[in-house]
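The lines below spell out each chain.
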Amino acid sequence: QAGKQLEALLQCKAGTTFTAQTVEAQFQALGLVKSVDGFFLPLLKGVQPSLFGDQVLAALVSDADGEKKAVVYLKKQTGKQMAKKLGVTKIDEQANTDDSSYFKQTSKKTTLLVGSASEVFLANATINYQSAVTCQLIK
């Protein structure tokens, strides 16, 4: 159930709203645990959480600087595959990724971003991912 709610939220359709607390609770319900640097990570043992048919390697929610973002980092699907799955076609020229990253303005205040392979740096680890899905709300 948490997975379906998160997938719906991350598609960032017009009218989407969320609070950091709500998203954190959904990440936890999915089986992710908050680390010291604020990222939510899967437990080392047990069922690996998944969204959009892919394993979630890490997740993050932020609420600062006039915007809110909820992000999940996925293991296998490329940014291009995820963008196609979510119907996102515009290439994000500002993204700093080797392969194309994509975005879709879903309303005046909501944008769906699909990033391509890169890495997340944590306090004591680096996580390499194939794609990232972000819902960004402008306040």
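Student: How do you make sense of the packing of aromatic side chains when you look at a structure like this?
Tutor: Aromatic ring pairs: the centre-centre distance and the angle between the two ring planes describe each pair. The final tally for this structure, using the stated rule, is 3 aromatic pairs. Ring geometry for phenylalanine 27 versus phenylalanine 40: centroids 5.2 Å apart, planes at 55°, classification tilted. One end of the pair, phenylalanine 27, is in helix 2 (residues 20-30); the other, phenylalanine 40, is in strand 2 (residues 40-42), with 13 residues separating them in the sequence. Overall, phenylalanine 40 belongs to the buried group, its relative accessible area being 0%.

Student: Quick question: what am I supposed to make of the state of the cysteines here?
Tutor: Formally, a disulfide is one covalent bond, and it connects the sulfur atom of one cysteine to the sulfur atom of another. Using the criterion set out here, one finds 1 disulfide in the structure. Disulfide partner of cysteine 12: cysteine 135, at an S-S distance of 2.1 Å. Judged by the sign of its S-S torsion, about 65°, the bond between cysteine 12 and cysteine 135 is right-handed. With cysteine 12 in the loop between helix 1 (2-10) and helix 2 and cysteine 135 in strand 9 (residues 126-138), the pair connects residues that are 123 residues apart, well separated along the chain.

Student: Before we go on, may I ask you to explain the nonpolar core in this structure?
Tutor: Counting 29 residues, the largest nonpolar core has Phe27 and Val133 as its most contacted members. Every element with two or more residues in this core is listed here: helix 1, helix 2, strand 4 (54-64), strand 5 (67-74), helix 3 (79-86), strand 8 (110-121) and strand 9. Top element by residues in this core is helix 2. It accounts for 4 residues. Apart from residues lying up to four places away in sequence, valine 133 is in contact with Leu10, Phe52, Ala70, Val71, Val72, Leu74, Met82, Leu86, Leu112 and Leu113. One finds Tyr73, Val120, Tyr129 and Ala132 within the second-largest nonpolar core, a separate group that totals 11 residues.

Student: What should I look at first to understand helix 3 in this one?
Tutor: Because each turn of an α-helix spans 3.6 residues, side chains separated by three or four positions in sequence point in the same direction. Those residues of helix 3 that sit buried are Gly79, Met82, Ala83 and Leu86. All buried residues of helix 3 lie within an arc of 100° about the axis, which places them on one face of the element. Looking at helix 3, the residues exposed on the side facing more than 90 degrees away from the buried face are Lys80 and Lys84. Contacts made by the buried residues of helix 3 are with strand 5, strand 7 (102-105), strand 8 and strand 9. Of the residues one or two after helix 3, glycine 87 is the one with positive phi, at around 70°.

Conventions used here
Residues numbered from 1 in each chain as written. Predicted model: local features only at pLDDT ≥ 70, side-chain atom pairs only at ≥ 80, totals over all residues. Heavy atoms only, no water. Phe/Tyr/Trp six-rings, centres within 6.5 Å; stacked < 30°, edge-to-face > 60°. Helix = DSSP H or I, 4+ residues; strand = E, 2+ residues; numbered from the N terminus. Buried < 20%, exposed > 50% of the residue type's maximum accessible area, 1.4 Å probe, protein only. Disulfide = S-S within 2.5 Å. Core = buried A, V, L, I, M, F, W, Y, C linked by side-chain atoms within 4.5 Å. Contact = heavy atoms within 4.5 Å. Arc of directions from axis to C-beta.

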